[in-house]
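# Structural characterization, general
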Amino acid sequence: MNSFSSNSRILRKLPRENAFYFFTSIGNYTGMSAMSLEDFIQKIKEVNIKSLEFHLHRGDFQKWTDETLEDKELSEKIRSLQLLKPVGNTLRDQLYFIASKRFEELKK
Amino acid sequence: MKTKNRGNVLDDLDWRILQVLQENARQPYMETGRCLQVAHSTIHDRIKKMEEQGIIEKYMAIVNLEKAGAKYITAIMTVFTDPKESENVAEKLSKFEEVLEVFTSLSEELLIIAKVIAEDQEKLHLFIAHSVAPLAGVLRIRTSIVTKKYKDEIFFIKGSHDSE
């Protein structure tokens, strides 16, 4: 697969069963979901901070970006962020920065 | 006394048979007949008829999972839905083996309340995240994990039943 088609694949819109569903704790769904990387970046800005903390510390973002979006590079960057154990708006800002930077790279 | 139930007419004897069955579904017809002072063949015929009519749906053993050593958790899941999709969501939820009971309820919003069982919290979360949240019409979900059960009974028929 060349890099253009690989990038397009990462940026594709996913079917609803593969979307990322934001929870604040076990079984508590916020009603927000992301069906693409672009959508994910948007939701990082809007979703309850508890949800970002819940998923980052469980490794859910890392898993979804790796296994569903199939973007190992972004997944690895999120894993590095996870190791720093950020919380609150620091987490939101850093996750947003990492994901949006990667999005811009893929769009080129 | 006779009671009509969607076209099926139950008399006092039927109701008394149902009471006996709810207390002990394994009791032989002979003993039930002796108890209710009718022939065992009558008991047999009445039970057969109520089975055919769907009044008696099934016979099952109630297993105490804790005593049986099964490891599981129970949760009560409240699903907030788009009113247009509520029925679909309830029907789809009913098909999952993890979901034991499903009810719809109307408060300020249209809700579906379901009793869910899972091996542990992680499996409960994965089930809700991968199977319930993606259902069309699900707006949000609140889940409470049951920590202790104080009562769990079925509704038992008691006393006589008046005719309509």
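Residues numbered from 1 in each chain as written. Chains lettered and ligands numbered in written order. Predicted model: local features only at pLDDT ≥ 70, side-chain atom pairs only at ≥ 80, totals over all residues.

### Side note on the overall build of chain A
A count of helical and extended segments in chain A gives six helices and two strands. The C-alpha radius of gyration computed for chain A amounts to 13 Å, which stays within 12% of the reference 13 Å derived for 108 residues, consistent with globular compactness. Long-range contacts, defined as pairs at least 24 residues apart, comprise 52% of the intrachain contacts of chain A with a sequence gap of at least 6. (Helix = DSSP H or I, 4+ residues; strand = E, 2+ residues; numbered from the N terminus. Rg over C-alpha atoms; globule rule 2.2 N^0.38 Å. Contact = placed C-beta atoms within 7 Å.)

### Quick word on the pairing of strand E4 (residues 99-106) of chain B
With seven bridges connecting them, E4 of chain B and strand E5 (residues 110-118) of chain B associate as antiparallel partners. Bridging from a neighbouring strand, Val-102 of chain B pairs with Ala-114 of chain B of E5 of chain B. (Pairing = 2+ DSSP bridges.)

### As for the domain arrangement of chain B
Taken domain by domain, chain B holds domain 1 (2-52) and domain 2 (67-145). Once you take the C-alpha centre of each, domain 1 of chain B and domain 2 of chain B turn out to be 36 Å apart. (Domains from an automatic or database assignment.)

### Some points on the interface of chain B and chain A
Chain B puts 14 residues into the contact, and the matching count from chain A is 11 residues. Within the residue set of the side of chain B that touches chain A, elements represented by two or more residues are strand E3 (73-81), helix H6 (121-132) and strand E6 (138-145) of chain B. The class makeup of the residues in the side of chain B that touches chain A is nine nonpolar, three polar and two charged. (Nonpolar A, V, L, I, M, F, W, Y, C, P; charged D, E, K, R; others polar.)

### With respect to the nonpolar core
In this structure, Val-79, Ile-128, Val-132 and Ile-141 of chain B are the most contacted members of the largest nonpolar core, which totals 38 residues. Dropping the residues within four chain positions of it, Val-132 of chain B is found in contact with Val-79, Leu-93, Phe-127, Val-138 and Ile-141 of chain B. (Core = buried A, V, L, I, M, F, W, Y, C linked by C-beta atoms within 7 Å. Buried ≥ 20, exposed ≤ 12 C-beta atoms within 10 Å, placed from the backbone.)

### Focus: the confidence of the model for chain B
With 91% of its residues at a pLDDT of 70 or more, chain B has an overall mean of 90. Here the predicted complex scores 0.82 on pTM and 0.89 on ipTM. (pLDDT = per-residue confidence, 0-100.)

### A few points about the packing of helix H2 (residues 29-36) of chain B against helix H3 (residues 40-52) of chain B
Two quantities define a packed helix pair, namely the angle between the axes and the distance from one axis to the other. Residue and element names in this part refer to chain B. H3 packs onto H2 with a crossing angle of 105° between their chain directions and a minimal axis gap of 8 Å. By the angle between their directions, the pair H2 and H3 is classed as roughly perpendicular. Of the residues in H3, those touching H2 at Tyr-29, Met-30, Thr-32 and Gly-33 are His-40, Thr-42, Ile-43 and His-44. Of the residues belonging to the contact of H2 with H3, the class tally is three nonpolar, five polar and no charged. (Axes fitted to C-alpha atoms, helices over the stretch in contact; angles between N-to-C directions. Parallel < 35°, antiparallel > 145°, perpendicular 65-115°, else oblique.)

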